[in-house]
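Okay, here's what each chain looks like letter by letter:
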Amino acid sequence: MSDNDILEMESLSEAEEGETDVGMIDEEVVYPEEFLPTYQTIKEGSTVTKAQLAEFNDKPDSLFFNDGVRRIDFILVYEDEDKKEYEKRHNSQRRKRRREYFEASLMKMGLGLESTRSVVDEKLMFVKVHMPWNVLCTYAEVLHIKLPIQPNDLSSRPSPWRYFSCITKHFYPNEDLITKEAEFFTAPFEKDRLDYFYMKDKDAFFTPAMRSRMAYYILSRAPYEIRGNIKKFGITKLLDGAVYKAAYPLHDCRFNVKSKEEGCPNERFLLYEEWAHPKSFYKMQPLDLIRKYYGEKIGIYFAWLGFYTLMLILAAVVGLACFIYGYKTQETSTWSKEVCDPEIGGQIVMCPQCDRECNYWRLNSTCEASKKLCIFDNFGTLVFAVFMSIWVTLFLEFWKRYQAKLEYEWDTVEFLEQEEPPRPEYEAKCIYDRKNPITGVKEKVPYTACGRCVRVSIGIGTVLFWILLIVASIVAITVYRLAAFFAFSAKLRSAEELEPLKEYVTPQMATSVTASLISFVIIMILNILYERVAIWITDFELPRTKTDYENSLTLKMFLFQFVNYYSSCFYIAFAKGKAVGYPGKPVYLLGKYRNEECDPGGCLIELTTQLSIIMGGKAIWNNIQEVLLPWVKNLIFRYCTRVASQKVIPRWEQDYQLQPVSKLGLFYEYLEMVIQFGFVTLFVASFPLAPVLALVNNLFEIRVDAWKITTQFRRVVPEKAQDIGAWQPILQGVAILAVATNAMIIAFTSDMIPRLVYYWSFSVYPYGDHASNTMEGYINSSLSVFSITNFSNSSRPMSKPYNITTCRYRDFRYPPGHPKEYEYNMYYWHVIAAKMAFIIVVEHIVYLTKFILSYMIPDVPYAVKEQMKREKYLTQVILHETNLKLVTKRLKPVDDETSKHTEETASKGEMELDF
């Protein structure tokens, strides 16, 4: 909405000029009969009907109008203009006219309205919205809502855990409180076939979630201003323009106290007690009740999160076993012993790792770091990396099966794109004609083919620019690492006051920790900035449906977050220490900064440090945002609006005091978990504890999200969702990439392959002197020799060495004096060949296994397929019987024989038309 709309300009011509751009369009285009069948035009200049004003009846738990019959399906909140100060009233008149017209439009469409003044603040007015029965039936048909036609008569397969029910029942919600939902076969609702739907109670036929969804559908399309053949519509724009302060469906009761109203299901209270309360952290989630109360979209998120957490248990157990194995064997590692041995590591003098300022240093100064490296860089890690590649395939395949089961049970199997209505923002911009390629009918679209290309190109360009901005920040951090390493090397090697710390803090570790912290801060800042940019780009692209909008935004945000979170990890894993040259001829970044080297044991420990800081910091930060901020905001709001204790506050005003739901809904929850999924799978070869941390975080995450949505936020407008949307292919892409990254981490980042090559080839004849395969002598063979006389003037250390003529460095090169001095030796080429062979073999084996598992595990369980076929059959039978009745009513009374013949012929014709 433009600023002119908000500031209430009175000039008609100016307003029309400024508002045509935001998309007011012809009546027949915005309100086609199939989308808004009850719409009726209010003539310009006519007197509008106002909502009935009613006093609060002192029933704090009531969910009905004052008559106790009509149920409240939605609440609108606005500030009464007549109660404002005199000088502000003039600026509010246009908002008042818009609101009154909007409410009159709602009543013209058949909705019931009743307004009540606030108990806490007399300036606030609450408008209660009710959907009568005939309006509910009309829009249930428009939205293709599936409703029960017959109880499910197929016997369900007994659970294999039924024999342990005495134990497992404690891990499920209390069945006395949350009863199991009855199973029905369902069909899309049609008013003409109402008699064939299973209806015990007319008032409970449409659930509160369904009623709220239909009410919001009308609210988002009802007009609020008409000028000639131009009109503006939708509650979203009214909220943005401050015409209304809030719009939300009601919670059915307080979260921690049962409602006193007779017949109230108290579903919010049950969800808190058996799901959101910390005492229930070990229980399975009541997914059917979550779906019933919040809608399928919320339900599918918590189903996915719970399934992911359950699968993490196996990965966490194996990862913890690998960590324990590494911890137990760190003292027995031969190469680590050699590093710490005063007679071996203590006698090896290493070359300075930076120019001029850095000193020579003893290898055994990295003793503690080498022991820590043994915990993560061992054969158990290799086994775990392969296991995780198989695990991620099983997770995705079994999730597909579970999702198919939920799709059937929650009636979203046939939730197709054509059933999803266009977004109001899309409808408002439809000004161009085009022929629908499927139906052949002329329709309105918001842009031409060329215009769409321009919008998409601008969006892609903006995303690429921000990704390049992240790359620039990574380069800046890399420069910091080089400069910081230079400073830490000079200080830590020479400062006597730091002597107690030298054993534990190496220049590499100090640089890695500080750079990781700085990287984390930059990641969080760029996240906040890019979020606004991504939303703006997606709004500019104008996706047709809400699903299209969310998928487009999801892809943009994930691409950015992927580069933002993982780029520093990719740098350490695959770039750091790979192009450093040798002491006499180092490689410089930007012609000034000498490239940083890895520890003698490799860069794996630095990658582990980076992962643990980013993953842990992100989890802590997110939990603070999710728990602390809403709680503090609600606390401040309640303090500012506190009233005398004797006043009774109605249900709708209690909900108004809660936090509004984000426009993006569950987007950030999914994004947080998918980024975590990337950490768990992409770099698990360097950090076997990642699944353990993820499991602990998710156990908190489920209950934190449940607590937040149940206690701190207004009720979400229920939405349909068939699956987890664009996140599914993203997870599959991450799973495929994880195989390659883990294979390359083991090959290029860890020292496993060089150690294996030494053990099997270079420790024995013809390259070694040992009689049998051994790891003894590995450290000496993995460090090349450099003559200190070959230093260039720019890199020669300022401190003069005593009694040494050579120093050692991490590489596989010929020693000084050799005909191929400082060139790569035979060991180097053996190692390179082994690394490439390892990557190819492991990738092919894992990808083949993944393909076989994907093929063997069907996406839809056999029992679900049977139930789907049964439901389809029953629907066709009902259609057939209905068609027979319709034809019978239309036939004139004739003799029996003619009547019978005509009925059969007509019914066949009707059936052909239907099917």
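So, how was this worked out
Residues numbered from 1 in each chain as written. Predicted model: local features only at pLDDT ≥ 70, side-chain atom pairs only at ≥ 80, totals over all residues. Heavy atoms only, no water. Helix = DSSP H or I, 4+ residues; strand = E, 2+ residues; numbered from the N terminus. Contact = heavy atoms within 4.5 Å. Areas by Shrake-Rupley, 256 points an atom, 1.4 Å probe, with all protein chains shown as cover. Core = buried A, V, L, I, M, F, W, Y, C linked by side-chain atoms within 4.5 Å. Buried < 20%, exposed > 50% of the residue type's maximum accessible area, 1.4 Å probe, protein only. Pairing = 2+ DSSP bridges. Phe/Tyr/Trp six-rings, centres within 6.5 Å; stacked < 30°, edge-to-face > 60°. Lys NZ or Arg CZ within 6 Å of the ring centre and 35° of its normal. Disulfide = S-S within 2.5 Å. Patch = residues over 30% accessible without salt bridge, like charges linked within 9 Å, V, L, I, M, F, W, Y side chains within 5 Å. Salt bridge = Lys/Arg side-chain N within 4 Å of Asp/Glu carboxyl O. Polar contact = N/O pair within 3.5 Å; in protein donor to acceptor, adjacent residues only side chain to side chain. pLDDT = per-residue confidence, 0-100. Axes fitted to C-alpha atoms, helices over the stretch in contact; angles between N-to-C directions. Parallel < 35°, antiparallel > 145°, perpendicular 65-115°, else oblique. Left-handed = near helix turned anticlockwise from the far one by under 90°.

*Asks:* Before we go on, may I ask you to explain the overall build of the protein chain in this structure?
*Replies:* Helix and strand counts for the protein chain stand at 29 helices and 19 strands. Considering only residue pairs separated by 6 or more positions, the protein chain has 77% of its internal contacts joining residues 24 or more positions apart. Split by element, the accessible area of the protein chain, about 44200 Å² in all, is 59% carbon and sulfur.

*Asks:* What am I meant to see in the nonpolar core here?
*Replies:* Nonpolar side chains in soluble globular proteins tend to be buried together. Among the nonpolar cores identified, the biggest contains 134 residues, and Trp275, Tyr294, Trp304, Tyr308, Trp391, Phe679 and Trp727 are the most heavily contacted of them. For this core, the element with the most residues is helix α11 (residues 296–329), which contributes 14 residues. Not counting residues up to four positions away in its chain, the partners in contact with Tyr308 are Trp391, Phe395, Met673, Gln676, Phe677, Val680 and Asn698. Judged by nonpolar contacts, the second largest core, of 52 residues, contains Tyr39, Ile42, Leu106 and Leu238.

*Asks:* Which parts of the structure should I look at to understand the pairing of strand β3 (residues 112–117)?
*Replies:* In summary, the side chains of a regular strand alternate between the two faces of the sheet. β3 sits mainly inside the fold: 5 of its 6 residues count as buried. Both strand β1 (residues 52–53) and β3 contribute to a ladder of 2 bridges, which runs parallel. Bridging across to β3, Gln52 finds its partner in Glu114. For β3 and strand β4 (residues 124–130), the ladder comprises 6 bridges, and the chain directions are antiparallel. Residue pairing in the sheet places Gly112 in a bridge with His130 of β4. Taken together, β3 and the strand that follows it, β4, pair antiparallel across an intervening segment of 6 residues.

*Asks:* What is the right way to look at helix α5 (residues 133–142) in this model?
*Replies:* For an α-helix, 3.6 residues make a turn, and residues three or four places apart therefore share a direction. Among the 10 residues in α5, 7 count as buried, and that is most of the element. Taken together, the buried positions of α5 are occupied by Val135, Leu136, Cys137, Thr138, Tyr139, Ala140 and Val142. The positive-phi residue at the C-terminal boundary of α5 is His144, with phi of around 55°.

*Asks:* In this structure, what is going on with the packing of aromatic side chains? I would like to understand it.
*Replies:* How two aromatic rings sit relative to each other is set out by the distance from centre to centre and by the angle between their planes. Per the stated rule, a full pass over the model turns up 63 aromatic pairs. For the pair Phe205 and Phe206, a centre-to-centre distance of 5.0 Å together with 70° between the ring planes defines the contact as edge-to-face. Residue class for Phe205 comes out buried when judged on its relative accessible area of 7%. Judged by relative accessible area, which is 3%, Phe206 ranks as buried. Centre to centre, the rings of Tyr308 and Phe677 are 5.9 Å apart; their planes meet at 65°, and the pair counts as edge-to-face. On the criterion of sequence distance, the pair formed by Tyr308 in helix α11 and Phe677 in helix α22 (residues 667–682) is long-range, its members being 369 residues apart. Taking the ring centre of Tyr78 as reference, the NZ or CZ of Arg99 above it sits at 3.7 Å.

*Asks:* What exactly am I supposed to notice about the sheet that holds strand β9 (residues 246–248) here?
*Replies:* What links the strands of a sheet is backbone hydrogen bonding, and the strands pair in either a parallel or an antiparallel sense. Within the open sheet, the 5 strands sit side by side as β1-β3-β4-β2-β9. Their pairing is mixed. Edge positions in the open sheet fall to β1 and β9, since each of these has one partner strand only.

*Asks:* How should the state of the cysteines be read in this particular structure?
*Replies:* Note on terminology: disulfide describes a covalent bond linking the sulfur atoms of two cysteines. This model, assessed by the stated rule, comprises 2 disulfides. Across the disulfide, Cys340 is cross-linked to Cys367 (sulfur-sulfur distance 1.9 Å). Its S-S torsion of approximately 100° makes the covalent link between Cys340 and Cys367 right-handed. Pair noted here: Cys340 is in helix α12 (residues 334–340) and Cys367 is in helix α13 (residues 367–376), with a separation of 27 residues, a long-range link. For Cys367, a relative accessible area of 13% corresponds to the buried category. Between the sulfur of Cys351 and that of Cys807 lies a disulfide, 1.8 Å long from S to S. With the S-S bond torsion at 90°, the cross-link from Cys351 to Cys807 turns out right-handed. Placement of Cys351 in the loop between β10 (349–350) and β11 (361–362) and of Cys807 in strand β19 (residues 806–810) is noted, with a sequence separation of 456 residues between them. Residue class for Cys351 comes out buried when judged on its relative accessible area of 4%. Since its relative accessible area comes to 1%, Cys807 is described here as buried.

*Asks:* Sorry, what's going on with the environment of Ser772 here?
*Replies:* Tracing the chain through its elements places Ser772 in the loop between α25 (752–762) and α26 (778–782). Classification of Ser772 as partly exposed rests on a relative accessible area of 47%. Separated by 12 residues in sequence, Ser772 and Trp760 have C-alpha atoms that sit 9.2 Å apart. Non-local contacts of Ser772, meaning those with residues more than four positions away in its chain, are made with Ser763 and Val764.

*Asks:* I tried to follow unusual backbone geometry on my own but got confused; where do I start?
*Replies:* Negative phi is the rule for most residues except glycine; trans is the rule for most peptide bonds. Across the junction of Tyr765 and Pro766, the peptide omega takes the value 10°, indicating a cis bond. Its identity as a non-glycine residue notwithstanding, Asp58 has a phi of 60°, on the positive side. Relative to the elements of secondary structure, Asp58 occurs in the loop between β1 and β2 (74–79). Looking at Asp58, the relative accessible area reads 55%, which means it is exposed. Not every positive phi belongs to a glycine, and Tyr822 is a case in point at roughly 65°. As for its placement among the helices and strands, Tyr822 is situated in the loop between β19 and α27 (826–856).

*Asks:* Honestly, a nonpolar patch on the surface in this entry has me stumped. Any pointers?
*Replies:* A contiguous nonpolar patch, built from Ile167, Phe171, Tyr172, Phe281, Tyr282, Met284, Leu310, Ile313 and Val317 and spanning about 870 Å² of accessible area, is present on the exposed surface. Of the residues forming the nonpolar patch, the biggest block, 3 residues, is contributed by α11. By the secondary structure assignment, Tyr282 is in the loop between α9 (267–276) and α10 (287–294).

*Asks:* Can you walk me through the side chain of Thr749 in this structure?
*Replies:* Looking at where Thr749 falls in the secondary structure, it is placed in helix α24 (residues 727–749). Within the local environment of Thr749, its side chain forms a polar contact with the backbone oxygen of Ala573, the two atoms lying 2.5 Å apart.

*Asks:* What exactly am I supposed to notice about the pattern of salt bridges here?
*Replies:* Note that side chains of opposite charge can pair when their charged atoms are close. One pass over the structure, following the stated rule, counts 29 salt bridges. For Glu397, the salt bridge is made with Lys400, and the minimal N-O distance between the two is 3.5 Å. Taken together, the residues span about one helical turn, with Glu397 and Lys400 both in helix α14 (residues 379–409) at a distance of 3 residues. There is no split in this pair, since Glu397 and Lys400 are both buried. With its nearest N and O atoms 2.9 Å apart, the salt bridge here joins Asp655 to Arg651. Taken together, the residues span about one helical turn, with Asp655 and Arg651 both in helix α21 (residues 651–656) at a distance of 4 residues. On the basis of relative accessible area, Asp655 is assigned to the buried category, the value being 0%. Exposure remark for Arg651: the relative accessible area of 2% places this residue in the buried category. Where salt bridges share partners, they join Arg94, Arg98 and Glu225 into one cluster.

*Asks:* For this particular structure, what's the right way to read the confidence of the model for the protein chain?
*Replies:* When pLDDT drops low, the exact placement of atoms in the prediction is not to be read closely. Residues with a pLDDT of 70 or more make up 85% of the protein chain, whose mean pLDDT is 81. For the protein chain, helix α2 (residues 12–19) is the element with the lowest average pLDDT, namely 33, and β9 is the one with the highest, namely 94. When the criterion is pLDDT under 50, residues 1–33 qualifies, and its contacts beyond four places in sequence or with other chains add up to 71 contacts. In the model, residues 905–915 has pLDDT below 50 throughout and makes 12 contacts with residues more than four positions away in sequence or in other chains.

*Asks:* Mind showing me how you'd approach the packing of α11 against helix α23 (residues 690–712) here?
*Replies:* A packed helix pair is summarised by two numbers, namely the angle formed by the two axes and the spacing between the axes. It is at 7 Å that the axes of α11 and α23 come closest, and there the two elements cross at 155°. By the angle class used here, α11 and α23 are roughly antiparallel. When the axes of α11 and α23 are compared, the crossing they make is left-handed. Counted together, Ile298, Tyr301, Phe302, Leu305, Gly306, Tyr308, Thr309, Leu312, Ile313, Ala315, Ala316 and Leu320 of α11 and Pro691, Val692, Ala694, Leu695, Asn698, Leu699, Glu701, Ile702, Asp705, Ala706 and Ile709 of α23 form the full contact between these two elements.

*Asks:* Help me out: how do you make sense of the environment of Glu261 in this one?
*Replies:* You can see Glu261 is positioned in the loop between β9 and α9. On the basis of relative accessible area, Glu261 is assigned to the partly exposed category, the value being 28%. In sequence terms Glu261 and Ser62 are 199 residues apart; their C-alpha atoms lie 6.4 Å from each other. Setting aside its immediate chain neighbours within four residues, Glu261 contacts Lys59, Asp61 and Ser62.

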